[in-house]
Amino acid sequence: MSGHDILNELRRKRKTFEKSIELQRSDCARETDMGNYLSSGYSTEVEAQKSRADLHENENKDLKNKIKEMRKNRERLEVPWRDVGENFFSVQKKHELKKFIEDLRFPDDCQHINLFMTGHIGSGKSCFANTLKTVFEDTGEIASPAVTYGIDKKSETRKLHEITLKTYENGKSIRIYDCRGIEPSGDEQAFQDDLCKIISGHVMKDYVFEETTIEPKYKLFRDNPSISDKMHCVLFVMKATDENNVPPILDAIKDFLGQNNIPLRLILTSMDQLELYELGSLRSVFLSRDAKVKVERAKGKFGLQDNQILPVANYVSGINQDVNRDVLALQAAKNILQEANSFIADNM
């Protein structure tokens, strides 16, 4: 083999060696990439399993807390959260409350006691009006002068609806007014202005709520309202199970009422849907922890006193009256009418 041939052979072997090294490097790179991929996939799967485990643990904690809360709610309170006396849920108490309403005397120059309700859609406003009408008439059957709608529907009560709860022999009467519910979103400034004008007696019944507030030029605007035209007690209606914040419009109305010394009451509906210590029994409402918690929460939310919060259980189904619901509604009515009558007397 000549020197030239030896040189060529060396060059060939060198190229083969370099190619071998390059292939080894490529294989190593692929193995590294695969390792990283597998490692990454493994890590992702581990993290996913840990996340699922944490979620499961949190769900278990929530469930345990709910069970613990339910057990507490099943325990009878040692002392009622409101003193209503003995035999509160009785036919005798119902007759006593009805007699108060029958014997109610208005100040001479006032022809009507006017009550006005406001609250969220689905809060139970119309059902409360129907419940009051039911217990005032006391025929044994459920009255329904106010049309009711579900919480998931847009308010269909687009006008100021007047319902006469009771008319006395002298022609004087107790009236309650229903209107559209507060929308969960949107500009409610015009509606807020309308509510203030209604409370002040400037708006007549059957006024239809529009996107703009009522003005003096409107046919149903009252220029110089008398004491018989004004609202004598305003009722905020809210479900006891409602955990939402107070809408700004109610805060504004509350301020307006305070500035004008107009009585305010919070009607806390759906008390029968709470976890009462005697399951489903309204008779145990004042000895039930859950009811106490809901009332305390409402007090703090609205900044009200005990006697301003009135628990009720509206008639929403069935066809016959129940003495327990009747007594709660009549007790609320007595409280409201006393305040309304005092307001009238102070503003004659």
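If you're wondering where the values come from, they're calculated on a predicted model, not measured in any experiment.

Cut-offs and rules
Residues numbered from 1 in each chain as written. Predicted model: local features only at pLDDT ≥ 70, side-chain atom pairs only at ≥ 80, totals over all residues. Heavy atoms only, no water. Axes fitted to C-alpha atoms, helices over the stretch in contact; angles between N-to-C directions. Helix = DSSP H or I, 4+ residues; strand = E, 2+ residues; numbered from the N terminus. Parallel < 35°, antiparallel > 145°, perpendicular 65-115°, else oblique. Left-handed = near helix turned anticlockwise from the far one by under 90°. Contact = heavy atoms within 4.5 Å. Phe/Tyr/Trp six-rings, centres within 6.5 Å; stacked < 30°, edge-to-face > 60°. Buried < 20%, exposed > 50% of the residue type's maximum accessible area, 1.4 Å probe, protein only. Lys NZ or Arg CZ within 6 Å of the ring centre and 35° of its normal. Nonpolar A, V, L, I, M, F, W, Y, C, P; charged D, E, K, R; others polar.

### Here we look at the packing of helix H4 (residues 189–199) against helix H5 (residues 248–259)
Running from N to C, H4 and H5 cross one another at 30 degrees; their axes reach a closest spacing of 10 Å. Between H4 and H5, the interaxial angle falls into the category roughly parallel. At the point where H4 passes H5, the crossing takes the right-handed sense. Contacts between H4 and H5 involve Phe 191, Gln 192, Leu 195, Cys 196 and Ile 199 from the first element and Ile 249, Ala 252, Ile 253, Phe 256 and Leu 257 from the second.

### Looking at the packing of aromatic side chains
The final tally for this structure, using the stated rule, is eight aromatic pairs. Measuring from centroid to centroid gives 5.0 Å for Phe 88 and Phe 89, while their planes differ by 85 degrees, and the two rings are edge-to-face. Across the pair, Phe 89 and Phe 88 agree in class, each one buried. Measuring from centroid to centroid gives 6.0 Å for Phe 236 and Phe 302, while their planes differ by 50 degrees, and the two rings are tilted. Of this pair, Phe 236 sits in strand E4 (residues 233–239) while Phe 302 sits in helix H6 (residues 289–302), placing them 66 residues apart in sequence. A connected cluster of aromatic rings, assembled from ring pairs, spans Trp 81, Phe 88, Phe 89 and Phe 286. Between the NZ or CZ atom of Lys 166 and the centre of the ring of Tyr 168, over which it lies, the distance is 5.2 Å.

### A short note on the packing of helix H3 (residues 125–137) against helix H7 (residues 323–346)
Put simply, H3 and H7 touch, their axes get as near as 10 Å, and they point 100 degrees apart. Looking at the two axes, H3 sits roughly perpendicular to H7. Contacts from Phe 128, Thr 131, Leu 132, Val 135 and Phe 136 in H3 reach Asp 326, Ala 329, Leu 330, Ala 333, Ile 336 and Leu 337 in H7. Counted by class, the contact of H3 with H7 contains nine nonpolar, one polar and one charged residues.

### Things to note about the environment of Glu 78
Checked against the element boundaries, Glu 78 lands in the loop between helix H1 (3–73) and helix H2 (91–102). Look at Glu 78 and you get exposed, because its relative accessible area is 79%. For the pair Glu 78 and Ser 288, spaced 210 residues apart in the sequence, the C-alpha separation amounts to 9.6 Å.

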